[in-house]
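Chain and residue survey
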Amino acid sequence: MSSSVNQNYKPIAVRKFSWLFLGRVIPVLILFLVMVIFSRKLSYDDYGEFQSVWMYTNIVNVILNFGLSAVILSTNINFLFSFIRKNQKKLSIFYSVLWICGLSAFFLFAKNFNTSLKFLLIAFIFIQNVSTVFETLLIKRQGEKISFVINFIYSILFFGWHLYILSTNYSLYSLIFGICLLSVLKLIAMVWVPSKKESYQETPHEKHFLNHWFYLGMNDIVGVISKWMDKALLLYLLTTTDFAIFFNGSFEIPLFGLLISVAGSFLLIEISGYLHLNDKIIKLFRENFNALSTIVFPLFFFLFFFQKELFSFVFNDKYNASLPIFAISIFILPIRINNYSAVLQCFSEGKKILWGSVLDISIAIISMLILYPTMHTKGIALAIVIATYCQVFYYLWHSAKILHTSIFKIVPFKKLVLKFFIILCLFAFLFLLLSGTELKTKLLISTLFTGILIFIGILPYLNFFIKKKIIIEEK
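Residues numbered from 1 in each chain as written. Predicted model: local features only at pLDDT ≥ 70, side-chain atom pairs only at ≥ 80, totals over all residues. Heavy atoms only, no water.

This next bit is on the overall build of the chain. Check the secondary structure of the chain and you find 20 helices and two strands. Counting every position in the chain, which comprises 475 residues, the buried fraction comes to 53%. Of the contacts made within the chain by residues no fewer than 6 positions apart, 83% connect residues no fewer than 24 positions apart. Total accessible area on the chain stands at roughly 22000 Å², and carbon and sulfur atoms take up 69% of it. (Helix = DSSP H or I, 4+ residues; strand = E, 2+ residues; numbered from the N terminus. Buried < 20%, exposed > 50% of the residue type's maximum accessible area, 1.4 Å probe, protein only. Contact = heavy atoms within 4.5 Å. Areas by Shrake-Rupley, 256 points an atom, 1.4 Å probe, with all protein chains shown as cover.)

Here it is, written out as structure tokens:
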């Protein structure tokens, strides 16, 4: 297939994408670095309790947000504000009940926390949720650069506070209290910063927009339950030590989730501007596969072939027991090369998105019941992988139907399979070549090799980005 630049296609500037990406990547990488440091320094029990904080706050935050961030990104802001004013009573009652029930359930059922820490975490969840809404509004109104600056400063302070608490008398309560104060400062900055305004624009789906919002919110809830279900379940079944071991084995490398998050946000904004131009949507969707796969495929094979060396180096041989879980969990990564629900979301097909999440969680539960008796925690990890693949196929099938085409038209299968096979052969050869090499040398060479492959893969995109154009693959 050949490539060309469509002069009439709305350009995607590298600066806009870069600010958005950097604004997301720095906090995530800082949190990942904190995870590594804390896993090495804390006891298994303290580390398990520390990670359970982020599990609970992630779940509760998504429930309380109830699709609001997704609606902001995929909807004209002035239309959304007008819609909220017209339905103020309904929305106020619904979100009030949701917040009361959600926070009460957290307070009653959260494990391993005393009463004072639970109240502090409720305050933290509240601050984080409000901050997420204002940050999403800022990004929607082209404030990516300002968002990056705020997140960068926050991340530095966040990291410094963790190091300070770790170097003194470690206390989870003191840690969360300090993070709350930093989050308040971040929220003030997000609210204070002025942003660009949009002209009013009705969407073609205004009549059932409230239903669409409801389906997106339900989908977010089912999705976050699906994402954390394995860890939430095992938190109550395993000891804190065993939970810590499982967590580190099933923990998703932050870069992958970040890529999907940023690419997904960008897709939502771009596709929402071309709802009547199916050909351009298909081209953008296909190109997202090509671009993200150049990053994800090399990283997947690096993690697959050099997982033992990586765990030994990063965790200082403390979490080698997590390797069997990690070896299974990373097989989700090869399909983490797109936001599969982006098309459905922009066409206000929240109901189909929700059913995709219900399918995911249903298959995961059934698979867990079948696999756990024989494979134990490895069966839990495998169940999540199986369910994710099924959900992806469901979303692709319905996205193709909406665009009046086939899955083979919206996914560049031939190019992806060829790329996957070539990178597999390259890493297999490198693995054999480095067998017997000292651990640090092996990691250094394999890391450089992975970086070179990624750079070569994204180089064509960078050339076009510099010109403020996006490569559009011809059918």
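Okay, back to it.
A word on the environment of Y95. Along the chain, Y95 falls in helix α5 (residues 88-109). For the pair formed by Y95 and F66, sequence separation is 29 residues and the distance between their alpha carbons is 8.4 Å. The contact partners of Y95, leaving out residues within four places of it in the chain, are L64, N65, F66, L68 and W213.

Not every positive phi belongs to a glycine, and H376 is a case in point at roughly 60°. Along the polypeptide, H376 turns up in the loop between α16 (350-375) and α17 (377-402). Classification of H376 as partly exposed rests on a relative accessible area of 46%. If you check the backbone angles, H404 has positive phi at about 55° while not being a glycine. Under the relative-accessibility criterion, H404 is labelled exposed at 71%.

Attention now moves to the side chain of Q51. Turning to its location among the elements, Q51 is positioned in helix α2 (residues 44-65). According to the relative accessible area criterion, Q51 is buried, its value standing at 4%. Discounting residues that sit within four places of it in the chain, Q51 has contacts with M35 and F247.

Let us now look at the packing of aromatic side chains. Under the definition given, this model contains 44 aromatic pairs. Taken together, a centroid distance of 5.9 Å and an interplanar angle of 55° make the contact between F243 and F247 tilted. Of this pair, F243 and F247 both sit in helix α10 (residues 240-250), four residues apart, which is roughly one turn of the helix. Residue placement shows K118 over the ring face of F107; its charged tip is 5.4 Å from the ring centre. One cation-aromatic arrangement involves K318 over Y44; the distance from NZ or CZ to the ring centre is 5.3 Å. (Phe/Tyr/Trp six-rings, centres within 6.5 Å; stacked < 30°, edge-to-face > 60°. Lys NZ or Arg CZ within 6 Å of the ring centre and 35° of its normal.)

If you look at the biggest cluster of nonpolar residues, it comprises 116 residues, and the most contacted ones within it are Y47, F50, L172, I176, W213, L396 and F427. The dominant element in this core, judged by the number of residues it contributes, is helix α12 (residues 278-305), at 13 residues. Leaving out residues up to four positions away in the same chain, W213 has contacts with F66, G67, L68, V71, L80, F83, I84, L91 and Y95. Core analysis: the second largest hydrophobic core is formed by 20 residues, M229, I380, A381 and V385 among them. (Core = buried A, V, L, I, M, F, W, Y, C linked by side-chain atoms within 4.5 Å.)

The next thing to look at is the confidence of the model for the chain. Here the chain shows a mean pLDDT of 82. Residues at 70 or above account for 84%. Looking over the chain, one finds the lowest element-wise mean pLDDT in strand β1 (residues 3-4), namely 40, and the highest in helix α19 (residues 413-433), namely 94. This model gives residues 464-475 a pLDDT under 50, and the stretch forms 38 contacts once residues within four places in sequence are excluded. (pLDDT = per-residue confidence, 0-100.)

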